[in-house]
Amino acid sequence: MDLELSEDQKLFRNTTAKFLDNELPVEKVRAINKEGGGFPAEFWTQGAELGWAALLVPEELGGGSISGNGFQDLAIVAEEFGRLVSPGPLLPVNTVIAGLVEGAAIGGPDHTETIEGLMSGELIGTWAAYEPKGHWDPLNPSTTATKNGDNYVITGVKDRVEAGDAAGVFLVTAKTASGVALFLVPADAAGVSVELVDSLDFVRHHATVTFSDVTVSADAMVGTESATADIVERMLQVVVALQCAEMNGAINRVFEFTVQWAFDRYSFGRPLASYQALKHRFSDMRTWIECCNATADEAVKAVNNRAENSARLVSVAKAYIGTKSVQIIQDCVQMHGGLGVTWEHDCHLYLRRATTDRQLFGTPADHKRRIADLIGL
Amino acid sequence: MSDQLESVEDFRIRARAWLSDNMPKLDPAKEYNTNRVADREWVEHRALQKQLFAGGFAGICFPKEYGGQGLSPAHQAAFTEESVSYEMPLRLNVPSLSICSGMLLDMGSEEQKQTYLRGAISGEMILCQFLSEPSGGSDLAGLLTRAQRDGDTYIINGQKCWSTFAYAADFATCLVRTDWDAPKHRGLSMIIVPVHDDATHLQRVRMVDGSEEFCEEFFTDLVVPAGNLVGTENDGWTVGQRQLFYERQAVGGGSPYVSGQPPARGGSSATVEEVARAVGKDKDPATREIVGWQSALDTVNHQLIKRITVGMTSGEYPAMASSMMRLAHAEIPQHKMDVMLDIAGDEAVTSVVGGDGYLRSVGVQFLMRQGASLGGGSSEMSRNMISERVLMMPREMAADRDVPFREVRRGR
């Protein structure tokens, strides 16, 4: 919804929207749900051909974007995903890529091959950051990485791992003897087990992943131990800004069809859109959505430009959109009457996606407290 | 000078040097930005405006032919940033420069622009608005003040209210009824009137926070030259709409004609962080969460203004999109007042012996809370505008549409 997109970016948005609408319109998303969710592998590899996993990769590693503003372009894709509640590991794959690119930039072990695999869409990667019963605290894991000669032995349980069942590689945050480090752990390594859990999202899967004495070489480390906090911060900003773009796509779409409904639905011989009590609620929603668009754009721009205040702007966007998006969708449900809470109506698909994005990688409350830290209170 | 605009960065450097050489630094011992304006401020701010004008920094976004600088909003934003630690003629921003002058630039005759627009920019005169009347606030077009054409003059009778800073102004843009047989919007005219005249009785209105910045005026056969008519007779609604556009823009915080910004600390702009620290709650997690949220809302408010300004400038958004800024600019500050009251606790209602009364100002400010959703058009009107002009929903039924104004029913 950026008002200042370049011509290239407008074209990119149109082709992305058209592709998603052709490949996975909402009816197909419903069919995927019926079959247990997840995403069709060929859908993701086709998306990868369109560049969905290359936008954050520097040109020298084979990636890039036409506009030169890769993260803004990626946010466009995320917004279109939100508009159609699309399946697919857009957030986890790009978050892992952001971590690997950051690790490479500071001179950590070489992970070019993994980056290439992720870019092709053949390999799925995901960030194993959460731990059972732990709230959002990525730099304080209880999973351990114990040095053993040239290797590390990783032990612990991670949960709420998106696309954990489809992943070929996990990016694991683990405690070492001297701090916290990130490791790339192949899903087929001995000692890794994956268990699917129930997810609120209509199609996206989350899993609990157990690492029982999993041995990886020291080269599996991403970046360096001392740079872990910076890499995690970058990954956090990337995933949260993408969540915001996705929630934004969802609310804009829900609002569109709800306004249309208000014009089409008559009661007492008048369209709903003619009642002042409802008009005023639509005006409030329209204003909040404009606020969401504004703050999402600023967060995306800040992450794209690696602005000095990007951490704060990302948390502002998450606190605001996380709070408002679900309120707006619930109010749209109300406008639909009883229909809005039926399985048949699409409202719940969007509510599921927005609520999932709202709750993970820091709730609005977490981000509000983070803002207090960042403004120096 | 070539047609090429000076780059914003060059302008910023030039402005920085000029400000440092010419404008007085803010005095930490002095109280700024309180809800009561001291009489001396009007004298000082007129002088400061003259100083800006002499230095070539007045009316940055107004055209050069009327005394402005013919530069862009980006230049103005840079100047405001550079000016934060200096005394600035802030009292002239609203309504004189941002609302009345903005309207005159678009709708005034060449002569009016040379007189009043140049007058306002140069610091020679201060303008205000005579719009609202006691008979109704939101229904502006239902106003009752009448102007009768008499040869080369208009004779004005009636009453205006809610005119901000009128007591300190020289001239007002006054919306009056000139045709009682036309439907209400088609019988209005905008006329520039002197504020201080023997035929006008002006008095200040005291508000619940003790401020006296609003005025009311009673006109008894006030005579003004016919040349003071802005636009054409009975087309005053078009002129008024333009003025209201600038009012929404100014009240919403998006005016390009506002120069400078209020100093950070002061009665109406105390930050939530300051209040939290003052009562020792700054390490309390629940308070930190609330403060973080308010900080987010304030940031979003600024981001919204920026976005809507971009949208309106590019033509992507209708002018009425400014109503969204207006609405957010009421809701978010009101949320802030609620939050500050909660955090300030008992000290918001009773001052402490030996204290500076700072926290009680939070309580006083709370008394005026609804002012944010009333001044410059109520939030309910904004919601009508957004639903009807942005979402294009059906308009509210109006009993006075297309009815000769003299036949429209009125309250007593």
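What counts as what
Residues numbered from 1 in each chain as written. Chains lettered and ligands numbered in written order. Predicted model: local features only at pLDDT ≥ 70, side-chain atom pairs only at ≥ 80, totals over all residues. Helix = DSSP H or I, 4+ residues; strand = E, 2+ residues; numbered from the N terminus. Rg over C-alpha atoms; globule rule 2.2 N^0.38 Å. Buried ≥ 20, exposed ≤ 12 C-beta atoms within 10 Å, placed from the backbone. Contact = placed C-beta atoms within 7 Å. Domains from an automatic or database assignment. Nonpolar A, V, L, I, M, F, W, Y, C, P; charged D, E, K, R; others polar. UniProt positions renumbered as here; feature names shortened; annotations may be inferred. Expected span 1.5 Å × (residues − 1). Core = buried A, V, L, I, M, F, W, Y, C linked by C-beta atoms within 7 Å. Axes fitted to C-alpha atoms, helices over the stretch in contact; angles between N-to-C directions. Left-handed = near helix turned anticlockwise from the far one by under 90°. Parallel < 35°, antiparallel > 145°, perpendicular 65-115°, else oblique. pLDDT = per-residue confidence, 0-100.

Peer 1: Tell me about the overall build of chain A, residues and numbers included.
Peer 2: For chain A, the count of helices and strands is 11 helices and 10 strands. On C-alpha atoms alone, chain A measures out to a radius of gyration of 21 Å, which is about the 21 Å that the 2.2 N^0.38 rule sets for 377 residues. Judged by the C-alpha coordinates and their principal axes, chain A covers about 80 × 45 × 40 Å. Residues classed as buried in chain A amount to 55% of the 377 residues present. Long-range contacts, defined here as pairs at least 24 residues apart, represent 76% of the contacts in chain A between residues at least 6 apart.

Peer 1: Tell me about the overall build of chain B, and name the residues and values.
Peer 2: Looking only at helices and strands, one finds 11 helices and 8 strands in chain B. Relative to the globule expectation of 22 Å for 412 residues, the C-alpha radius of gyration of chain B, 22 Å, shows essentially globular dimensions. The principal-axis extents of the C-alpha atoms in chain B amount to approximately 70 × 55 × 45 Å. The burial tally for chain B puts 45% of its 412 residues in the buried class. A sequence separation of at least 24 residues applies to 72% of the contacts in chain B between residues at least 6 apart.

Peer 1: Would you mind going over the domain arrangement of chain A in detail, with residue names and values included?
Peer 2: Residue and element names in this part refer to chain A. The domains assigned to chain A are domain 1 (7-120), domain 2 (125-226) and domain 3 (228-374). Each of domain 2 and domain 3 has a C-alpha centre, and the two are 30 Å apart. With 17 residues of domain 2 at the contact, the number on the domain 3 side is 15 residues. A per-element tally of the side of domain 2 that touches domain 3 places strand β5 (residues 180-186) first, with 3 residues. Its residues assigned to classes, the side of domain 2 that touches domain 3 comprises 10 nonpolar, 3 polar and 4 charged.

Peer 1: Outline the domain arrangement of chain B, supporting the account with residue identities and numerical values.
Peer 2: A common way to express how large an interface is: the accessible area buried when the components associate. Residue and element names in this part refer to chain B. On domain assignment, one finds that chain B holds domain 1 (8-93 + 102-125), domain 2 (129-245) and domain 3 (270-390). Taken together, the 6 residues of domain 2 in the interface contact 8 residues of domain 3. Here the side of domain 2 that touches domain 3 is composed, by residue class, of 3 nonpolar, 2 polar and 1 charged.

Peer 1: Go over the UniProt feature "domain: Acyl-CoA oxidase/dehydrogenase middle" (unreviewed entry) in chain A, please, and point to the residues and values.
Peer 2: Feature annotation in UniProt places "domain: Acyl-CoA oxidase/dehydrogenase middle" (unreviewed entry) on residues 131-198 of chain A, given in this structure's numbering. Secondary structure content for residues 131-198 of chain A is 0% helix and 54% strand, and the end C-alpha separation is 16 Å.

Peer 1: Explain the interface of chain B and chain A to me, and be specific about the residues and the numbers.
Peer 2: Tallying the contact residues gives 33 residues for chain B and 32 residues for chain A. In terms of residue count, helix α8 (residues 285-313) of chain B provides more of the side of chain B that touches chain A than any other element does, 17 residues in total. In the side of chain B that touches chain A, the residues fall into 17 nonpolar, 7 polar and 9 charged.

Peer 1: Describe in detail helix α7 (residues 228-264) of chain A, supporting the description with residues and values.
Peer 2: If you check α7 of chain A, its first and last C-alpha atoms are 54 Å apart, about what 37 residues at 1.5 Å a residue would give, namely 54 Å. Within α7 of chain A, 26 of the 37 residues are buried, leaving the element largely enclosed by the surrounding structure.

Peer 1: Tell me about the nonpolar core, residues and numbers included.
Peer 2: Residues and elements named next belong to chain A. Counting 152 residues, the largest nonpolar core has I97, F183, A241 and I329 as its most contacted members. Sort the elements by how many residues they give to this core and α7 lands first, with 18 residues. Not counting residues within four places of it along the chain, the set of residues in contact with F183 comprises A145, Y152, I154, V172, A174, V216, A220, M221 and V222.

Peer 1: Can you break down unusual backbone geometry residue by residue, with the values?
Peer 2: For the bond running from V94 of chain B to P95 of chain B, omega is 5°, close enough to zero to count as cis. Along the chain, P95 of chain B turns up in helix α4 (residues 93-107). We note that F361 of chain A has phi near 55°; this positive angle belongs to a residue other than glycine. Tracing the sequence through the fold places F361 of chain A in the loop between α10 (347-359) and α11 (364-374). With 27 C-beta atoms counted inside 10 Å, the residue F361 of chain A sits in the buried group.

Peer 1: Account for the UniProt feature "domain: Acyl-CoA dehydrogenase/oxidase N-terminal" (unreviewed entry) in chain A, with residues named and values stated.
Peer 2: The positions that UniProt labels "domain: Acyl-CoA dehydrogenase/oxidase N-terminal" (unreviewed entry) are, in the present scheme, residues 6-96 of chain A. Regarding residues 6-96 of chain A, the helix share stands at 62% and the strand share at 0%, and the terminal C-alpha atoms are separated by 27 Å.

Peer 1: Explain the packing of helix α1 (residues 8-22) of chain B against helix α3 (residues 73-82) of chain B to me, using residue names and the numbers behind them.
Peer 2: Residue and element names in this part refer to chain B. Where α1 contacts α3, the axes come no closer than 9 Å and their chain directions differ by 35°. Every pair of crossing elements has a handedness; the one defined by α1 and α3 is right-handed. In contact with V8, F11, R12, A15, R16 and L19 of α1, α3 contributes A74, H75, A78, F79 and E82. Taken together, the residues that form the contact of α1 with α3 break down as 7 nonpolar, 1 polar and 3 charged.

Peer 1: How would you summarise the environment of G137 of chain B if you had to cite specific residues and measurements?
Peer 2: Residues and elements named next belong to chain B. Summarising the element assignment, G137 is placed in the loop between β1 (127-130) and β2 (146-150). Look at G137 and you get partly exposed, because 16 C-beta atoms sit within 10 Å. Spatially, the C-alpha atoms of G137 and G375 are 9.6 Å apart, while their sequence positions differ by 238 residues. When near neighbours in sequence (up to four residues on either side) are disregarded, G137 contacts S132 and S378.

Peer 1: I'd like a rundown of the packing of helix α4 (residues 70-83) of chain A against helix α8 (residues 276-304) of chain A, residues and numbers included.
Peer 2: All names here are of chain A. Taken N-terminus to C-terminus, the directions of α4 and α8 make an angle of 140°; their axes are 7 Å apart at the nearest point. Classified by the angle between their axes, α4 and α8 sit oblique to one another. Contact residues: F71, Q72 and A75 in α4; V300, K301, V303 and N304 in α8. Class assignment of the residues belonging to the contact of α4 with α8 gives a composition of 4 nonpolar, 2 polar and 1 charged.

Peer 1: Residue-level account of the confidence of the model for chain B, with values.
Peer 2: Averaged over all residues, the pLDDT of chain B equals 92, while 95% of them reach at least 70. Scored by ipTM, the complex comes to 0.96, with pTM at 0.90.

Peer 1: I'd like a description of the environment of N252 of chain A, backed by residues and values.
Peer 2: Tracing the chain through its elements places N252 of chain A in helix α7. Considered as a pair, N252 of chain A and E79 of chain A are 173 residues apart in the sequence and their alpha carbons are 9.4 Å apart.

Peer 1: For helix α11 (residues 379-390) of chain B, give the residues involved together with the corresponding values.
Peer 2: For α11 of chain B, built from 12 residues, the straight-helix expectation of 16 Å at 1.5 Å per residue is met to within 8% by its first-to-last C-alpha distance of 15 Å. Buried within α11 of chain B are the following residues: S379, M381, S382, R383, N384, M385, I386 and S387 of chain B. Where α11 of chain B is buried, its residues meet α8 of chain A together with α9 (322-344) of chain B. Immediately beyond the C-terminal end of α11 of chain B, within one or two residues, lies M392 of chain B, with a positive phi of roughly 60°.

Peer 1: Got a sec to walk through the environment of W237 of chain B? Specific residues and values, please.
Peer 2: All names here are of chain B. Note that W237 resides in helix α6 (residues 236-252). Spatially, the C-alpha atom of W237 lies 7.9 Å from that of M190, the residues being 47 residues apart in sequence. If we ignore the near neighbours within four places in the chain, the residues touching W237 are A141, H185 and L188.

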